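Each chain, letter by letter, is given below.
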Amino acid sequence: DGGITQSPKYLFRKEGQNVTLSCEQNLNHDAMYWYRQDPGQGLRLIYYSQIVNDFQKGDIAEGYSVSREKKESFPLTVTSAQKNPTAFYLCASSMGTGGYGYTFGSGTRLTVV
Amino acid sequence: GEDVEQSLFLSVREGDSSVINCTYTDSSSTYLYWYKQEPGAGLQLLTYIFSNMDMKQDQRLTVLLNKKDKHLSLRIADTQTGDSAIYFCAESMATALIFGKGTTLSVSS
């Protein structure tokens, strides 16, 4: 079955550490996205990629980095520069941008300890 | 600015109809979406409507679109306890979907 897989489901980070969240899809989708969800804030766009080897900043990219070396994979690194990283992170993919619906992963909950 | 607005909470009794409202900002949005999120899970696409339509019905779900007022609504008929979740409205922009903050639907038996 085609889908989008995020791992791990729960992640704990110490202050000052970088951590990488995995996102893999086998839907043959061109576009992939990372959103951050905080209670009462809805979904805020961190980064998106329309095609392999290309990605763009979203509304809250500071303190985050991404890569898109393969069509199937779009990992997100939360760096030590992100001052408030505790949140629920959602990855999504779509056939393209501009009107295609998204398929979402099940999310990664990151907690700073 | 690019803001999709939704009321934050709705509480209904089992068997009643639920109506969740949304206002969006970009009249050129091609598609408008409704997603459902259950606790600790990702978002699941419920339904969508193309911008040249006024209404779309899909089993218990009815979507109404008023383009003049940029208003979108989702009606859930015969609401069940399993419908308790957060519902997100989203509009399509050139590069990504813009989501509202979500409406938490609570269904009591």
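Relevant structure appears above.
Please read all numbers here as calculations on a predicted model, not as lab measurements.

(A) Structural view of the overall build of chain B. A count of helical and extended segments in chain B gives zero helices and 11 strands. Against the compact-globule benchmark of 13 Å for 109 residues, chain B has a radius of gyration of 13 Å, which places it among compact chains. Summarising its shape, the C-alpha atoms of chain B cover approximately 40 × 30 × 20 Å along the three principal directions. Considering only intrachain contacts with a sequence separation of at least 6, the fraction spanning at least 24 residues in chain B is 54%. Carbon together with sulfur atoms contributes 48% to the accessible area of chain B, which is approximately 5300 Å² in total.

(B) Quick look at the overall build of chain A. When you go through chain A residue by residue, the secondary structure sums to zero helices and 11 strands. Scanning chain A from its N terminus toward the C terminus, one meets helices and strands in the order β-β-β-β-β-β-β-β-β-β-β. In summary, chain A has a C-alpha radius of gyration of 13 Å against a globular reference of 13 Å for 113 residues, a match within 12%. Along the longest, intermediate and shortest principal axes, the C-alpha atoms of chain A span 35 × 30 × 25 Å.

(C) Geometry of the sheet that holds strand β3 (residues 19-25) of chain A. Residue and element names in this part refer to chain A. The strand order across the open sheet formed by four strands is β1-β3-β8-β7, and the pairing between neighbours is antiparallel. The open sheet has two free edges, formed respectively by β1 (4-7) and β7 (64-66), since each of these has just one partner strand. Strand after strand, the sheet turns through a mean of 20° between neighbouring axes, direction not considered. Of the strand pairs in this sheet, β7 and strand β8 (residues 76-78) are connected by three bridges, and their pairing is antiparallel. Paired with Val-66 across the two strands is Leu-76, which belongs to β8.

(D) Examining the interface of chain A and chain B more closely. Tallying the contact residues gives 21 residues for chain A and 18 residues for chain B. Viewed at the interface, chain B and chain A are joined by six residue pairs in polar contact (both at pLDDT 80 or more). Among the elements that line the side of chain A that touches chain B, the one with the most residues is strand β5 (residues 42-51) of chain A, at four residues.

(E) View of the sheet that holds strand β1 (residues 5-6) of chain B. All names here are of chain B. The five strands lie next to each other as β1-β3-β8-β7-β6, forming an open sheet whose pairing is antiparallel. Lying at the two open borders of the sheet, with one neighbouring strand each, are β1 and β6 (55-58). For strand β3 (residues 18-23) and strand β8 (residues 71-76), the ladder comprises six bridges, and the chain directions are antiparallel. Paired with Ser-18 across the bridge in β8 is Ile-76.

(F) Representation of the pairing of strand β9 (residues 85-92) of chain B in the model. Residue and element names in this part refer to chain B. With seven of eight residues buried, β9 lies mostly within the body of the structure. Pairing between strand β4 (residues 31-37) and β9: six bridges, direction antiparallel. Each bridged residue has a counterpart across the sheet, and for Tyr-33 the counterpart in β9 is Ala-90. Pairing between β9 and strand β11 (residues 103-108): three bridges, direction antiparallel. By the bridge assignment for β11, Ala-85 is matched with Leu-105. Direction of pairing for β9 relative to strand β10 (residues 97-99): antiparallel, over a ladder of three bridges. The partner of Ala-90 across the bridge, within β10, is Phe-99. Here β9 folds back onto β10, and the loop between the two strands holds four residues.

Rules of the game
- Residues numbered from 1 in each chain as written.
- Chains lettered and ligands numbered in written order.
- Predicted model: local features only at pLDDT ≥ 70, side-chain atom pairs only at ≥ 80, totals over all residues.
- Heavy atoms only, no water.
- Helix = DSSP H or I, 4+ residues; strand = E, 2+ residues; numbered from the N terminus.
- Rg over C-alpha atoms; globule rule 2.2 N^0.38 Å.
- Contact = heavy atoms within 4.5 Å.
- Areas by Shrake-Rupley, 256 points an atom, 1.4 Å probe, with all protein chains shown as cover.
- Pairing = 2+ DSSP bridges.
- Axes fitted to C-alpha atoms, helices over the stretch in contact; angles between N-to-C directions.
- Polar contact = N/O pair within 3.5 Å; in protein donor to acceptor, adjacent residues only side chain to side chain.
- Buried < 20%, exposed > 50% of the residue type's maximum accessible area, 1.4 Å probe, protein only.

Keep in mind that these numbers describe shape and distance, not what the molecule does.
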